[in-house]
Amino acid sequence: MSAKAKKVEGKNQIISFIKDDRIRLLTGLLLVLFSAFMLFAFISYLFTWRADQSFAFGEVLSDASIRADNWAGKSGARLANLFISKWFGVSALAIPFVFGLIGLSLLNVKLGKLGRLVRLIFISVILGSLTTAFVFSPFKSFLGSGFGGYHGLVITEWLNAVLGKVGTGFVLFILIITFLVFSFQAFWEWLKIVLTAKQKTEIDTEEKITAETDTEKEVEPNPDNTDLTFEIERLTESADAVIPDHVLLEDDVRNSEEDMFKEADEDVEETEEEEGNAEVVEGDEDVFDESSLGEYDPTLDLSEFRLPPIDLLDKHEANNIDVTDEELISNKKRIVQTLADYKIQIKSIKATIGPTVTLYEIVPEAGVRISKIKNLEDDIALSISAIGIRIIAPIPGKGTIGIEVPNQTPQIVSMRSVLSSPKFVNTTADLAVAIGKTIQNETFVFDLAKMPHLLVAGATSMGKSVGLNCIITSLLYKKHPSDLKFVFIDPKKVELTMYSKLDKHYLAKLPDDEEAIYTDTKKVINVLNSLCILMDSRYDLLKKAHVKNIKEYNVKFKARKLNPNHGHYYMCYIVVVIDEFADLISTAGKEIETPLARLAQVARAIGVHLIVATQRPSANIITGVIKANFPSRIAFRVSSMIDSRTILDSPGANQLIGRGDMLITAAGADLIRIQCAFIDTPEIERLTEFISSQQHYPECMLLPEFNADENSLGEPEAQDNGRRDELFEEAARLIVGHQQGSTSLIQRKFAIGYNRAGRIMDQLERVGVVGAFEGSKARKVLYPDMYTLEKFLNELSGKGSGN
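Residues numbered from 1 in each chain as written. Predicted model: local features only at pLDDT ≥ 70, side-chain atom pairs only at ≥ 80, totals over all residues. Heavy atoms only, no water.

*Asks:* Please explain the environment of Asn 108 as it appears in this structure.
*Replies:* Within the secondary structure, Asn 108 sits in the loop between helix H5 (95–106) and helix H6 (114–135). Taking the C-alpha atoms as reference points, Asn 108 and Gly 28, separated by 80 residues in sequence, lie 9.1 Å from one another. (Helix = DSSP H or I, 4+ residues; strand = E, 2+ residues; numbered from the N terminus.)

So, in structure tokens, the structure goes:
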């Protein structure tokens, strides 16, 4: 064995020793016991410090006749003297907890963010040392160096000399407030409330003074006996300009927002009537600038919601074994020998080890044809006794030829290691997805918002379902429920049901459906067409807002430039996940393909993105229309080259080794080989349980209602031929009586089907009883009471009889 190999082996042994669970257990137990020993010694030192300060370090171990009064003996006395007297004073009592927390984490006790807790303790110790030394400066003899130890004593004396005691007090006060603000969100919220309340008091006082002054001016006699009309009008205008009596706090913004918008609309209407303008320019009515409200925060409805911690996921590192030097050298020799047998000479060869495959890059001699090497794929696979050999000739962007060879002992890439990587944590992508690791062992992260849709295919048991779970998990770890909704379509009924707990956080559905995960083909048709309706309504809002995409629209809405009373709302991203597309196409065909293709063509700008997966990547399933609108593809192992060409438009997927080994092309870019991360069912259950146990919305996000009968038979007016339903008048009275324009209300009260209730609602819309469809909101009821409705119905029936 070479010296390099021995060095690598020794390093691996050390790492294995450190990662041994027994070593972790013993280390954690020792740290907890040491923490208890330190705390015991520190507390005792507060009472025995005078007697124990005389010990020299050598006496601690050398002279057994010397006894210490400290409860932890001479070692405890010396340790406490070092930390309390020499360093940080009484604030050093917090230091033993650092060792205790580290020890408990090694014993697998969940403590949240350990690094943050340790930082907070150390900063508290330093600030505590300075503060106690400054406040209790007259007691410098206590504990040998005062309450703050020598650290606090020296620094505060220097600050007193430079700034004086008043300046030092101000500096310490600012440091403490800064520490509390940046370390504890609850303190910052309390401070904002206090400051806002103070501002409110000042404004109320100012208003009171202004009002008193105005009153005095009104009763003041007019010496010139001039007309007071002008003066009264001026005072009225001044009173209107006074700041409102209430100042909106952050929690009050949402409750009072609609009232303020209505007041603004009424003022605009009054002004237009006075000026004689009956027309409003399109677009101007949507602009509303209310800077006093501050920026709109979509997360306020679920302000207590927290994204899941990484500790919910397993490490999956038990079977991870690196590629040995012997394996690398053997494969290199066999590749070189096989090429030499066919008269192909190479200049150099180097290896890049990945989690599943190793990439061997070769540089051929001048005059060697690349196609000749490409044709030796099967011969190289035979020489090294491996399946899944893939030759990249040439590697894009390099002057080399790549030969990918599967490792004898492939690693498991855990989802935890991928989501905790800096590349994913620090990404600014709108819909960040961490799918796995490349051959270079780098985490592969892509932005689904830029893909913009994804086609996933692969044979059974090759990792397709795990890949979908990785995509969904990545989004759940990054996006707040106010920013993201899923529409899950699962014809197999078993793959996506574990996410049903997230219905009131992350799922969207049709109004009258009980389940938020769609398994019935007919309902899938309805939900896809409903998404098309939502897409059209969102595009109308983008047009009114004069923006091009959802990102620009939400920026404008957050800045309160768009009026909710004109239909505007904060748009969340919607990700549609279809687990088995082949089953839908085989049963519904064009009814599924048509709305799906329409969404894929134009839904990107309004935040609707599709992920379509299938285990039958044949040409009759993945048609030309689908392929044209899904430029981003993921391919797991398939059985034939024809299937590979159907998915990727190139071979390669048939040479993968399975178990998460995959190829990805993002929007037509070069193929990248990736080992998909692994996430197990218990991990997903813990994740969904954590999210479902938190604060949630009252119900799922409701998609627009879709009437299949009317949309399939043409225009609604043509379908009912002008004849109104027998329940038309009763439905009108029901809607006006409840002041709620809901199809589901008609359906429940009259025990009729959804299609008939939808037709009645459309008839009510045509005669003007209810307003137009407004997405997930209920329709507006245009008649305020039953009296005006009955008068209208009588007139309507008279017209009907007259006809």
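Back to the text.
*Asks:* I would appreciate a short explanation of the pairing of strand E12 (residues 608–614) in the present structure.
*Replies:* If a strand is regular, its side chains alternate between the two faces of the sheet. Among the seven residues of E12, seven are classified as buried, and the element is accordingly described as predominantly covered. Strand direction decides the pairing type here: strand E7 (residues 454–457) and E12, joined by four bridges, are parallel. Across the sheet, the residue bridging to Ala 457 is Thr 614, located in E12. Bridge count between strand E11 (residues 573–578) and E12: five bridges; the pairing is parallel. Of the residues in E12, the one forming a bridge with Val 575 is His 609. (Buried < 20%, exposed > 50% of the residue type's maximum accessible area, 1.4 Å probe, protein only. Pairing = 2+ DSSP bridges.)

*Asks:* I would appreciate a short explanation of H6 in the present structure.
*Replies:* A turn of α-helix holds 3.6 residues, and therefore any two residues three or four places apart point the same way. Helix length check: H6, at 22 residues, gives a terminal C-alpha distance of 31 Å against a target of 32 Å (1.5 Å per residue), a fit within 8%. Those residues of H6 not exposed but buried are Val 118, Leu 120, Ile 121, Val 125, Leu 127, Gly 128, Ser 129, Leu 130, Thr 132 and Ala 133. On the buried face of H6, the contacting elements are helix H4 (73–88), H5 and helix H7 (149–183). (Expected span 1.5 Å × (residues − 1). Contact = heavy atoms within 4.5 Å.)

*Asks:* Would you mind showing me how to read the packing of aromatic side chains here?
*Replies:* The relative placement of two aromatic rings is captured by the distance of their centres and the angle of their planes. Enumeration according to the criterion identifies twelve aromatic pairs in this entry. Geometrically, the ring pair formed by Tyr 296 and Tyr 570 is tilted, given 6.2 Å between the ring centres and 50° between the ring planes. With Tyr 296 in the loop between helix H10 (253–275) and helix H11 (325–341) and Tyr 570 in the loop between helix H18 (550–558) and E11, the pair connects residues that are 274 residues apart, well separated along the chain. Tyr 570 shares its class with Tyr 296; the two are buried. Taken together, the ring pairs in this structure connect Phe 42, Phe 83, Trp 87 and Phe 88 into an aromatic cluster. The lysine or arginine in question, Lys 478, covers the ring of Phe 424, its NZ or CZ lying 5.2 Å from the ring centre. A cation over a ring is seen here: Arg 724 above Phe 728, with NZ or CZ 5.6 Å from the ring centre. (Phe/Tyr/Trp six-rings, centres within 6.5 Å; stacked < 30°, edge-to-face > 60°. Lys NZ or Arg CZ within 6 Å of the ring centre and 35° of its normal.)

*Asks:* How should I be thinking about the sheet that holds E12 in this particular structure?
*Replies:* By definition, the strands of a sheet pair up through backbone hydrogen bonds, in either a parallel or an antiparallel sense. Read across the open sheet, the ten strands follow the order E6-E5-E15-E14-E13-E7-E12-E11-E8-E10; overall the sheet is mixed. Each end of this open sheet is capped by a strand with a single partner; those strands are strand E6 (443–447) and strand E10 (517–518). One ladder, built from two bridges, connects strand E8 (residues 484–489) with E10; its direction is parallel. Its bridge partner being in E10, Ile 489 is matched across the sheet by Tyr 518.

*Asks:* Would you explain the sheet that holds strand E4 (residues 401–406) in this entry?
*Replies:* Here we have four strands laid out as an open sheet, ordered E1-E2-E4-E3, and antiparallel in their pairing. Taken across any chain shown, the strands that pair with only one partner, and hence form the sheet edges, are strand E1 (346–353) and strand E3 (390–392). Recorded for the sheet is a direction-independent mean angle of 20° between the axes of neighbouring strands. As defined by bridge partners, E1 adjoins strand E2 (residues 357–364) across seven bridges and the pair is classed as antiparallel. Bridge pairing in E2 links Ile 349 to Ile 362. (Axes fitted to C-alpha atoms, helices over the stretch in contact; angles between N-to-C directions.)

All quantities given are derived from atomic positions and should not be read as evidence of function.
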